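Commentary on secondary and tertiary structure
Residue-level listing of the chains:
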Amino acid sequence: MKILTRTHIAAVLAILVCSTAVSAQPPAEPKSAGAAKPAQEIKLFDGTSLKNWQILDKIDFDGHGKVEIRDGELVLNMGRPMTGVKWNGQELPQTNYEITFQARRIEGGDFFCGMTFPVNKSHCSLILGGWGGSLTGLSCVDGFDASENETTSSMVFKDNQWYKVRLRVTAEKIEAWVDDDQLVDLKITDRKLSLRWEMDTMPPLGFATYATGGGLKNIVIKRL
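Rules and cut-offs
Sequence order sets the numbering: in each chain, residues are counted from 1 along the sequence as written. In keeping with the predicted nature of the model, local features appear solely for residues at pLDDT of at least 70, side-chain atom pairs appear and are counted solely at 80 or more, and the whole-chain, interface and lining totals rest on all residues. Excluding hydrogens and water, the side-chain values take into account all heavy atoms of the structure. In this text, helices come from DSSP runs of H or I with a minimum length of four residues, and strands from runs of E with a minimum of two, each type numbered from the N-terminal end. Burial classification: accessible surface area is computed with a 1.4 Å probe over protein chains only, and a residue below 20% of its type maximum counts as buried, one above 50% as exposed, and the rest as partly exposed. Note on definitions: a residue-residue contact is assigned when non-hydrogen atoms from the two residues lie within 4.5 Å. To be clear on the numbers: accessible area is Shrake-Rupley with a 1.4 Å probe, and residue cover counts the displayed protein chains and nothing else. In this scheme, strands are said to pair when DSSP sees at least two bridges between them. Here a polar contact is taken to be a pair of N or O atoms separated by no more than 3.5 Å, where protein atoms must pair a possible hydrogen donor with a possible acceptor and residues adjacent in sequence count only if both atoms sit in side chains. Stacked, edge-to-face and tilted are the three classes for Phe, Tyr and Trp ring pairs, Trp counted by its six-membered ring, which pair at centre distances within 6.5 Å; planes under 30 degrees apart are stacked, over 60 edge-to-face, the rest tilted. Confidence of the predictor at the level of single residues is captured by pLDDT, which takes values from 0 to 100. A side-chain nitrogen of Lys or Arg and a carboxyl oxygen of Asp or Glu constitute a salt bridge if their distance falls within 4 Å. For each structure, a 1 Å grid was placed over the protein atoms alone; sets of points admitting a 1.4 Å probe that cannot get out are labelled cavities, open sets with protein on both sides within 12 Å along at least five of seven lines are labelled pockets, and lining residues have an atom within 4 Å of a point. Grid points are joined across faces, edges and corners, and a volume is the space filled by probe spheres set on the points. Nonpolar residues are Ala, Val, Leu, Ile, Met, Phe, Trp, Tyr, Cys and Pro. Charged residues are Asp, Glu, Lys and Arg, and all others, Gly as well, are polar. Residue types Ala, Val, Leu, Ile, Met, Phe, Trp, Tyr and Cys, when buried and joined through side-chain atoms within 4.5 Å, form a set referred to as a nonpolar core.

What follows deals with the overall build of the protein chain. Scanning the protein chain from N- to C-terminus turns up 1 helix and 15 strands. A buried classification covers 44% of the 224 residues belonging to the protein chain. Here the contacts in the protein chain between residues at least 6 apart in sequence split such that 63% fall between residues at least 24 apart. Carbon together with sulfur atoms contributes 52% to the accessible area of the protein chain, which is approximately 12300 Å² in total.

Reading across from one edge, β2-β5-β14-β7-β8-β9-β10 is the order of the 7 strands in this open sheet, with antiparallel pairing throughout. In the strand order of this sheet, the two ends are held by β2 (53-55) and β10 (153-154), each with one partner. The pairing of strand β8 (residues 122-130) with strand β9 (residues 135-139) spans 5 bridges and is classified as antiparallel. By the bridge assignment, Leu-128 is partnered in β9 with Thr-136.

Mapped onto the secondary structure, Asn-149 falls in the loop between β9 and β10. In terms of polar contacts, Asn-149 uses its side chain to reach the side chain of Thr-151, at 2.5 Å. Beyond its immediate sequence surroundings of up to four residues, Asn-149 is in contact with Leu-138, Val-141 and Phe-144.

Our next topic: the packing of aromatic side chains. Overall, the coordinates contain 6 aromatic pairs when judged by the stated rule. Ring plane angle 40° and centroid distance 5.9 Å describe the contact between Phe-111 and Tyr-210, whose orientation is recorded as tilted. With Phe-111 in the loop between β6 (97-108) and β7 (113-119) and Tyr-210 in strand β14 (residues 206-210), this pair connects stretches of sequence that are 99 residues apart. By relative accessible area, Phe-111 is classed as buried at 6%.

Right, let's talk about the confidence of the model for the protein chain for a bit. Residues with a pLDDT of 70 or more make up 83% of the protein chain, whose mean pLDDT is 88. Residue range residues 1-26 is modelled with pLDDT below 50. Its contacts to residues more than four positions away, or to other chains, number 0 contacts.

Now for the pattern of salt bridges. Tallying each qualifying case throughout the model produces 12 salt bridges. Between Glu-73 and Arg-104 there is a salt bridge; the shortest N-O distance is 2.8 Å. Taken together, the residues Glu-73 in strand β4 (residues 73-76) and Arg-104 in strand β6 connect sequence positions 31 residues apart. Arg-104 carries the same exposure label as Glu-73, and that label is buried.

Computed from the structure, the largest pocket encloses a volume of approximately 190 Å³. Met-82, Asp-110, Phe-111, Ser-125, Ile-127, Trp-131, Ser-139, Leu-195, Arg-196, Glu-198, Met-199 and Tyr-210 together form the lining of the largest pocket. Residue composition of the lining of the largest pocket, by class: 7 nonpolar, 2 polar and 3 charged.

Quick look at the pairing of strand β3 (residues 67-70) now. Of the strand pairs in this sheet, β3 and β4 are connected by 4 bridges, and their pairing is antiparallel. Bridged to Arg-70 within β4 is Glu-73. Linking β3 to β4, which pair antiparallel, is a turn of 2 residues; within it Asp-71 sits at a positive phi near 50°.

This part is about the nonpolar core. By size, the foremost hydrophobic cluster in this structure holds 43 residues, and its most contacted members are Phe-101, Met-115, Phe-117, Leu-126 and Phe-207. Those residues in contact with Leu-126, other than ones at most four positions away along the chain, are Cys-113, Gly-114, Met-115, Phe-117, Gly-137, Leu-138, Val-165, Leu-167, Ala-176 and Val-184. Of all hydrophobic cores here, the second largest spans 11 residues; its members include Leu-56, Met-82, Phe-111 and Met-202.

Put into structure tokens, the structure is as follows:
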């Protein structure tokens, strides 16, 4: 019995020592979540100012119209011939992203939305309402602009009506929708994407009008 009692005592002491050692250890720190991930959604236009936007004034933008903010709307008044702004803020994704915004034609008969956007190491422009007011498409694909490549289409745009626009860029495709209509579905593997010379000052991201007044709001870019 003495041996058994001593064994029990030794076991109890061992448990106490272990418990004391464990309780003396500092609480475990939570595992690091790693580097902070970039924001998945970036609001590009705050509705009140031109913060992070630069008014274009070179080449075809020498005679630009007034750029102003009215009731949460970025207004590009008619230029001679073009009015535009370019993004001058934080670095934006070059692929695997989606841009959404609303646009309207205020006056004029040419494109009220010429959006230049990045595609990997290149750039391209989405044209809405060009060449007489109805043409849509991408400029340029394999050297051909929005009036003469496979993305060329047409849509009736009414003055002062807001249209919801969505553009998606991935490694494989460029896609674009106006309201519920898909206007562009272009596979870009082994395709050459470029800009018309008038848009050369617009990268990395910009909006322009041609002899037309247009408005924009709710401009958001989202990583995919």
